[in-house]
Amino acid sequence: MDLHILDHRLRVTSISKTGLEHYTHPLIKLIFLRNRTRCKFFSLTETPENYTVVLDEEGFKELQPSEHLLVEGSIWLPLNVVSNGNASSSSQAVGVTKIAKSVIAPLAEQHVSVFMLSTYQTDFILVREKDLSVVVETLEEEFNIFREEGGESVPVQSQDTWKGLQRNGREVMQVTVHPVLIPENQFCVMSLDPDTLPAIATTLIDVLFYSNSPGEGASVNQDLECIKFFSFTLIDGYVSLVMDTEAQRQFPADLLFTSSSGELWRMVRIGGQPLGFDECGIVAQISQPLADSDISAYYISTFSFDHALVPEEDIVSVTEMLQAQRKDVPH
Amino acid sequence: MFCGYKPDILWSPHHADRYVICDTELSLYRIGPAGSSESKAGALAISEETAATLLAINSDTPYMKCVAWYPKHEPECLLAVGQANGRVVLTSLGQSHNSKCKELVGKEFVPKHARQCNTLAWNPVDSNWLAAGLDKHRADFSVLIWDISSKFSPEAVPTEKLRLSGDTDSGLVVTKPLYELGQNDACLSLCWLPRDHQKLLLAGMHRNLAIFDLRNTSQKTFVNTKAIQGVTVDPHFQDRVASFFEGQVAIWDLRKFEKPVFTLTEQPKPLIKVAWCPTRMGLLATLTRDSNIIRLYDMQHTPMPFGDEGEPTIIERGVQPCSESIISSLAWHPSAQNRMVVVSPNRVMNDFTVFERISLAWSSTTSLMWACGRHLYECAEDAGPGAAAVEKDIATKMRERAQSRYGHDTVQVWRNHMLAGGDDPQLRSICLTGSCFHKYTENMEQKQQVNKQSLIYSGIKNIAKTSSGTTETRRCWSGSDRQTDVPRYHSEERSLALQLCGWISQGPDIDVEPFLKTLEQEGEWERAAAVALFNLDIRRAIQILNKGASSEKGDLNLNVVAMALSGYTDEKNSLWREMCSSLRLQLKKPYLCIMFAFLTSEPGTYDGVLYEGRVAVRDRVAFACMFLNDAQLPRYVDKLTNEMKEAGNLEGILLTGLTKDGVDLMESYVDRTGDVQTASFCMLKGSSGEVLKDPRVQCWIENYRNLLDAWRFWHKRAEFDIHRSKLDPSSKPLAQVFVSCNFCGKSISYSCSAMPHQGRGFSQYGVSGSPTKSKVTSCPGCRKPLPRCALCLMNMGTPVSSCPGMERCYEKADLTRDKKLAQFNNWFTWCHNCRHGGHAGHMLSWFRDHSECPVSACTCKCMQLDTTGNLVPSDSV
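As the structure is a computational prediction, the values presented were derived from the model and not from experiment.

K.L.:
I'd like a description of the interface of chain A and chain B, backed by residues and values.
P.N.:
For interface size, the figure often reported is the accessible area lost on association. Facing 45 residues of chain A, the contacting portion of chain B comprises 33 residues. Of the roughly 3,300 Å² buried at the junction of chain A and chain B (both faces included), carbon and sulfur atoms supply 47%. Together, Tyr238, Phe257 and Ser260 of chain A form the three largest contributors to the area buried by chain A at its contact with chain B, with a combined 18%. Our count for the chain A to chain B interface comes out at three salt bridges. A salt bridge links Asp193 of chain A to Lys65 of chain B; the nearest nitrogen and oxygen atoms lie 3.3 Å apart. Viewed at the interface, chain B and chain A are joined by 13 residue pairs in polar contact (both at pLDDT 80 or more). Within the residue set of the side of chain A that touches chain B, elements represented by two or more residues are strand E1 (2–5), strand E6 (76–82), helix H3 (96–109), strand E9 (144–149), strand E10 (152–155) and strand E15 (256–257) of chain A. Looking at the side of chain A that touches chain B element by element, the count peaks at three residues for E6 of chain A. Residues belonging to the side of chain A that touches chain B are distributed by class as follows: 15 nonpolar, 21 polar and nine charged.

K.L.:
Account for the sheet that holds strand E5 (residues 50–58) of chain B, naming residues and giving values.
P.N.:
All names here are of chain B. Taking strand neighbours across the sheet as the criterion, the five strands line up as E1-E2-E3-E5-E4 in an open arrangement whose pairing is antiparallel. Each edge of the open sheet is held by one strand with a lone partner, namely strand E1 (8–11) and strand E4 (44–45). When E1 meets strand E2 (residues 18–22), the two strands line up antiparallel, connected through four bridges. Its bridge partner lying in E2, Asp8 is registered against Cys22.

K.L.:
So what about the nonpolar core? Which residues, and what values?
P.N.:
Phe598 and Met666 of chain B are the most contacted members of the largest nonpolar core, which has 101 residues in total. In this view, Met666 of chain B contacts Leu650, Ile653, Thr678, Ala679, Cys682, Met683 and Trp700 of chain B; residues no more than four positions away in its chain are not counted. In terms of nonpolar packing, the next biggest core, distinct from the first, is built from 41 residues, Ile75, Ile99, Val112 and Val114 of chain A among them.

K.L.:
Quick one: what's the story with a nonpolar patch on the surface, residue by residue and with numbers?
P.N.:
All names here are of chain B. Side chains of Leu575, Met579 and Leu583 sit close together on the surface and give an oily, nonpolar patch of about 290 Å² of accessible area. Along the chain, the position of Leu575 falls in helix H12 (residues 575–583). Judged by relative accessible area, which is 59%, Leu575 ranks as exposed.

K.L.:
Quick rundown of unusual backbone geometry? Include the residues and the values.
P.N.:
Residues and elements named next belong to chain A. The phi torsion at Asp236 lies on the positive side, around 50 degrees, for a residue other than glycine. Secondary-structure assignment places Asp236 in the loop between strand E13 (230–235) and strand E14 (238–244). Positive phi, close to 60 degrees, is recorded for Asp294, a residue that is not glycine. Positionally, Asp294 belongs in the loop between helix H8 (282–293) and strand E17 (298–301). The partly exposed category is assigned to Asp294, whose relative accessible area is 37%.

K.L.:
I'd like a rundown of the confidence of the model for chain B, residues and numbers included.
P.N.:
All names here are of chain B. For chain B, the average pLDDT comes to 78, and 82% of its residues sit at 70 or higher. In the predicted structure, residues 153–168 sits below a pLDDT of 50 and forms 28 contacts with residues beyond four places in sequence or in another chain. Here the predicted complex carries an ipTM of 0.81, next to a pTM of 0.63.

K.L.:
Hey, could you go over the pairing of strand E8 (residues 123–128) of chain A for me, with residue numbers and the actual values?
P.N.:
Residue and element names in this part refer to chain A. Most of E8 sits out of view: six of its six residues are buried. In E8, alternate side chains face the same way, and those of Asp123, Ile125 and Val127 on one face and Phe124, Leu126 and Arg128 on the other are all buried. Inspection of the sheet shows E6 paired to E8 by four bridges, in the antiparallel sense. Looking at E8, one finds that Trp76 is bridged to Arg128.

So, how was this worked out
- Residues numbered from 1 in each chain as written.
- Chains lettered and ligands numbered in written order.
- Predicted model: local features only at pLDDT ≥ 70, side-chain atom pairs only at ≥ 80, totals over all residues.
- Heavy atoms only, no water.
- Contact = heavy atoms within 4.5 Å.
- Buried area = accessible area lost by both parts, 1.4 Å probe.
- Salt bridge = Lys/Arg side-chain N within 4 Å of Asp/Glu carboxyl O.
- Polar contact = N/O pair within 3.5 Å; in protein donor to acceptor, adjacent residues only side chain to side chain.
- Helix = DSSP H or I, 4+ residues; strand = E, 2+ residues; numbered from the N terminus.
- Nonpolar A, V, L, I, M, F, W, Y, C, P; charged D, E, K, R; others polar.
- Pairing = 2+ DSSP bridges.
- Core = buried A, V, L, I, M, F, W, Y, C linked by side-chain atoms within 4.5 Å.
- Buried < 20%, exposed > 50% of the residue type's maximum accessible area, 1.4 Å probe, protein only.
- Patch = residues over 30% accessible without salt bridge, like charges linked within 9 Å, V, L, I, M, F, W, Y side chains within 5 Å.
- Areas by Shrake-Rupley, 256 points an atom, 1.4 Å probe, with all protein chains shown as cover.
- pLDDT = per-residue confidence, 0-100.

In C-alpha cells, the structure reads:
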C-alpha cells in the first residue's frame, strides 16, 4: 500500500449561516470559475450549524477575514491511500472502513488529530502539518510513503531524530464517547462531469445558498428528524457531491453520476457538542467497529461535528453497534 | 482523450480513404481526389489534390469523451464511444444494417459507479475485448475490460435504478466486465501491448505507468512518473512507448521500464496529442494546445535500448499544415506515407503530407546517394558513352590512379605519369620535372655534389638567380653561312637549367640532337622543329618538318610551313618578314607560331615566344635561358613563376622547385583540383625538411592517407607510409603497442622482432632451437613461457604450422608474398574483450568459420566485436 502526501496546503474554515452573504462571491468563483482561480482543493459542506470550507492556500486568499469566518489555525495536509492496484480481496468495504486499521487507529494511538474528507472518488485524511513527522514515523511500516511535489512522487523516509519514542507530546486524554445522531434522511454520493457544471449552476446555487429560505423542507429541518447536509468538493478537477434525496431531486437526472445500483446512505452524526480539532480518536471510534463488521462508510468531518455515511441497509446494525459501545464505556 | 467539444479525427483501420471526425457527433468522411467525377457537389477540398465527402453523421451518443474504432475488418465501421458518465456504447456509421453489426450496435457497457470514461482501446488480437479507462472512484476500479460479445447482463439491474440510462432495454446493457484493474486510481490513458495482447499499459492519476498482465492481475510492473497522458506504442518498435504530461513527452523502453529513456524538449503549452507515424519508423508527431504547428521528432537513428551515455540523436522539426488556423487534432494516414489529416476547432480539415527530410551521403567511391521517404536515389558517375566528355571527379581519378600504383614508381619517376593514365598534361609535366630532379640528384649523389643537389630541388628560378659568368656568343645559322645577330648566352647554371628542361642531356655536351631525336620518335614534329630552330639549325628544322609531313598520320601542312621557313631572310623590311609576323598569329599550332615569332622578332625582345601560353613552360624557360640576358632572365622567370603560382599550374614546379614557392604553387593547384594525391607524392620528394613540415603539406599527406583508408586501400596506404618514411624519416611512427610479459611486465618485443630473423623454416617446427639459444617462446626478461595459442596450444613465439600438405607448396613456390604472410601468421593476436588469442594465422582461419572464441566455454564473439575485422581491403598487395 502506498500513502501519498498530496501537494496541497489546506486551511479548515467555517462560515456562519448568517455571514454567508458576505462570501457568496468568492464561493461562486471557487466553484464555477475554475479558470479564474488557482485553487485546486475546495470543499464546502453545509450543516445546520454552519458552512465548513476546506481549501488550499490559493483559495483561502479569496476569503476575506471577518467575524463570520472562523479559521482553524493550522495548515492541514491531505493524505491519500493508494491500494497500489492490489485488489483488496478480503473486504468489499471501502472508504474509511478500509483504512480504519491501517491508518486511523495507529494515528489515534499516536494522538494525531485527523480530519476526514470522503468524496465520490477517494478519501482524504487531513493531518496537521506539524504532525507530519509523527504520521510518517507511525505509518511507514505499513505504507510506502510518497510526497507529491510539483507533479513528482518523492519517497519519504522518516528522519532518524524521530525514531525515538518521542510521542506527539500531548497528554493521553480520556477517550470520550460522543453521542451520535442518526437523522432520517437518505443521502446519495454523486459526481459530475466538471464540464457540465455550468448546466447545474442554478440548481447548485439554489441548494447551497438558499436552503434556509422558507420552503417545503423548512419544517422538517426543525425537528432534527432530518438534518440539512450538503457537501460539494472540487479537488484536482474532480467534483463530488453529497446530498439527501430531496436535494437530489432538484438536479437534472442525467447529469449527475452515481453508482448503477443507486445505493443510498444514512448518516451518523458524531458529537453532541462541537468537537474541536484537538481531540483524537473520534474517527477511530466509529471506523473501528465498522471495520470489524466490514461495513463501508463515507466520513466527512466538518468544523463542528463529524459525519459518517453508512449504507442504508446497514444502519440498523450500525445503530446497535454504537449503542453497545456506549454501554461498554462508562461515563 | 479529447475534450468533448474539440474535434478529433480517427482513420478507419481498414479503409484508407475513410475517417471520422468526432466532436459532439460522429461524422464519417471519405477522402478522394479533388475534382474527380466521383466527388459530388458536397465535397470539401482539403488539399490541392484531395477532397472529403461527408458520408454519414451519427449523433446518437451524447457526452462523448473518447472513441475507438473496431480494429477488425468485420463488422466495419463499428465504433466504441466512451461517455462522460463512464458508459461505453457501441455504435456504427454509414452502415446498411447487416446482421453482425446490428447485434452489437447500441450495446452499452455500464460501470458500477458512474464517472467519466477517459480512454478506450480495443484489444488488437481478441477484438471482442474493449478496455475502458475511467476516472477515479473510491470503491471501484478504473479500468474495465468489457467483452462486447456478452449477451446479457448477468446481474439483473432493477429498471428504476438505472437512473442514467437513456433506454432501459436491459438486453443491450452489460454491467459485468471481464476484468477490473486499478483500484483507487483514475486511468487517464491506456494501450494494449502489441507484443503480448494479454498485457495492458495503464497510466494512472497517481502518477504512475503500470503494465498489467491479464493472466495474473495481481502482478504488475509499474513506474512513477508525471508523464501519464496519451500512452501510445510505437507501431514499428513494440517496446517503445511515448507518454506525455503537460508539455513534456517521455519515451519509454518497456524492457528498461524504470525511467524514461529520454524526454523530449518541453513545450511551453500543454500537449493535446502525441501520435507515432504508422508508415515511418520512429517518427512522432506532437501537438500542443492552441497551436498551428505540429512538431515532429525523428528517432530513427536513436538506438534502442538507449544507453545512459551520450545524448540521443533526435531530429526535431515543426510543420505547419495550414497557415492560420490552429489545429485541434491530427491523425496519421494508416497507409499513405507521412500523410495526415488535421482538423481545426471549427472543423476545417486539411490533408497534409509531411515532406520527408532528405538525407544525403557521399561514398568514398564518388557515388552520391540520397534518401527521401522510402526512395533511395543514387547518383553515380556515368561510365556510359558520352561520359568521356565530362571530366571525371578528382576522387574517382585519384582512386583509379592509386589503384594503378600512381606515385609508387620511385625509380623511373616519369613513368608515374603513365600510371596515372597518361592523359593529364599537368601530371605529365610534374612527372617529367620530378624525373629530371630525381635523375640529376642521383648523379649528383654519385658525384657527391651535395650543394648542387639542393639547388636542383630549388628550381630554375633560384638557379637563374645564381647565374653568373655568363658569356655571350653570336653564332651563325648552322648549315648556312648567313651571319645572325642573335646573341646567345651561356653559363654553367644556364646549361643546368637547360638540362632540367630536358633540352640537353647531362654532362658537358650541350648538343640538342638526342632531344630532337626523342621528340621525332614521339611525333612531336612542330616542337622538334622549334627546338632545332632555337638552336639556330634552320636546316634541321626544315628537315624535321618534312619528316613530319611524310610520316604516318603526318600533317601535309608541315611541308608548307617548311617551305615558308626556308624562305627566311634577315632583311628587316622584306615582304617575307612582314607577312610572317602578321600571318603567324593565324597559325593554330603554337610551336609553329613561335618559330615565326622568333624569326621575325628583334634580338632581345622575344615576347612572342616567351608569352605564348600554349607552349610548354619548360620550352619557354629553356628558350629564355638561351636568349635572355642576365637582367632579363630572372625577371622573366619571376614573372612566369608568379603566373604559374596563381594558376596552380604544375608546369611551374620546374621553376619553383620543391621549395616554399613550390608549396604555394601546389596549394593553388590543390585548391583548383583537390588532387592531394599528386601533391603528397610530389612534396614528399622535396628533401628539405622545411617543405615537409609545412602544415599544408602535412595536411595533404594526412588527407591522402585518410582517403586511402576510406577506399579500404590499406595495402596502398601501407606502401605510401613506407615510401613516406623513407623520404621523411621524421614521419616514421614510433612503436605504440608493446606486448608485455604476464609475469615480469617487460616488453617481449625483443623476441618478437628476433623471430623472423632466425629464418626458421617450417621443417623446423617442433624442434624449437637448441636449449642454449634464447627461447623465443619465453619472455626475454624473465624466461617464463609466453601464453599459448588457443588453437595450436603451442606457446606463442612458435612459428605457425600450416596444413602439413601445404608445406611443400611453400617450399616450391617460395614467393615473397607467401613469406610475408607466413610472418604475419606468427603474430600475436588476442581479443580485447575475452583476452583469448593466439597466432594471427590460426585466429584468422578459426574466425573464417566460427563466430565464437576458440577457447571452450568462452562465448565471446570476438570477431564481431572487431568492427574492422570483417572489412576486406579493396586493393591487393
